[in-house]
Amino acid sequence: MRRAVVLLACVLVAGCGPISETHHKPGTGHEVATGAPRPGEPSAEITIAGGRVTPPPGWLEVRRGQTVSLTVTSDVADELHVHGFDVKQTLQPGKPSNIRFKADMSGVFEVETHGGKLVLIQLAVK
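Let me sum up the structure you'll find in this document. Given the structure is predicted, the values throughout are model-derived calculations rather than measurements.

### Describing the overall build of the protein
Here comes step 1: Tallying secondary structure elements over the protein gives one helix and ten strands in all.
Here comes step 2: For the protein, the sequential pattern of α-helices and β-strands runs α-β-β-β-β-β-β-β-β-β-β.
Here comes step 3: Taking all contacts inside the protein whose residues are at least 6 apart in sequence as the whole, residues at least 24 apart take part in 64%.
Here comes step 4: Summed over all atoms, the accessible surface of the protein reaches about 7,600 Å², with 57% contributed by carbon and sulfur.

Printed below as a string of structure tokens:
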């Protein structure tokens, strides 16, 4: 029984690690802009209300080198963070916030809020 508990604990701890090698390694020289998405850009519109993310967190597949556009509207003040790219954006209650950046690294990267610790979406850059 004890061996099963130790094995389960190891599996749970291993499953809580970073999604990719670059998950917490900030990139440099990334182009960041605000504004509406352009036609053909990979994009997502996400709403946070009452601590819930809509649509539920999923994947956005992106080709390396493409510009990604994310529009997030939150009902509370927070900070949006794109891991790996070290891109941040302040979220103001009720006001859509758009962030655009060039996905110039391959891997899987979480987009989350810092205050609410909510995962909004994961970017799969190929």
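### Points about the pairing of strand S10 (residues 119-125)
Here comes step 1: Burial analysis of S10 places six of its seven residues in the buried class, which makes it a mostly covered element.
Here comes step 2: Here strand S4 (residues 59-62) pairs with S10 via four bridges, running parallel. If you follow Trp59 over to S10, its bridge partner there is Gln122.
Here comes step 3: Here strand S9 (residues 107-113) folds back onto S10 in antiparallel fashion, the turn holding five residues, of which Lys117 has a positive phi close to 55°.

### Side note on the nonpolar core
Here comes step 1: Membership of the largest hydrophobic core comes to 25 residues, with the highest contact counts inside it found for Leu70, Leu120 and Leu123.
Here comes step 2: Secondary-structure elements contributing two or more residues to this core are strand S2 (43-49), S4, strand S5 (67-74), strand S6 (78-82), strand S7 (87-91), strand S8 (97-102), S9 and S10.
Here comes step 3: For this core, the element with the most residues is S10, which contributes four residues.
Here comes step 4: Beyond its immediate stretch of four places on either side in the chain, Leu120 contacts Ile46, Ile48, Val53, Pro57, Gly58, Val72, Leu80, Val111, Glu112 and Thr113.

### Comments concerning the environment of Ser74
Here comes step 1: The residue Ser74 is located in strand S5 in this model.
Here comes step 2: Look past the residues within four positions of Ser74 in its chain and what remains in contact with it is Ile48, Leu91, Gln92, Pro93 and Gly94.
Here comes step 3: Within the local environment of Ser74, its side chain forms a polar contact with the backbone oxygen of Val76, the two atoms lying 2.8 Å apart.

The rules behind these values
Residues numbered from 1 in each chain as written. Predicted model: local features only at pLDDT ≥ 70, side-chain atom pairs only at ≥ 80, totals over all residues. Heavy atoms only, no water. Helix = DSSP H or I, 4+ residues; strand = E, 2+ residues; numbered from the N terminus. Contact = heavy atoms within 4.5 Å. Areas by Shrake-Rupley, 256 points an atom, 1.4 Å probe, with all protein chains shown as cover. Buried < 20%, exposed > 50% of the residue type's maximum accessible area, 1.4 Å probe, protein only. Pairing = 2+ DSSP bridges. Core = buried A, V, L, I, M, F, W, Y, C linked by side-chain atoms within 4.5 Å. Polar contact = N/O pair within 3.5 Å; in protein donor to acceptor, adjacent residues only side chain to side chain.

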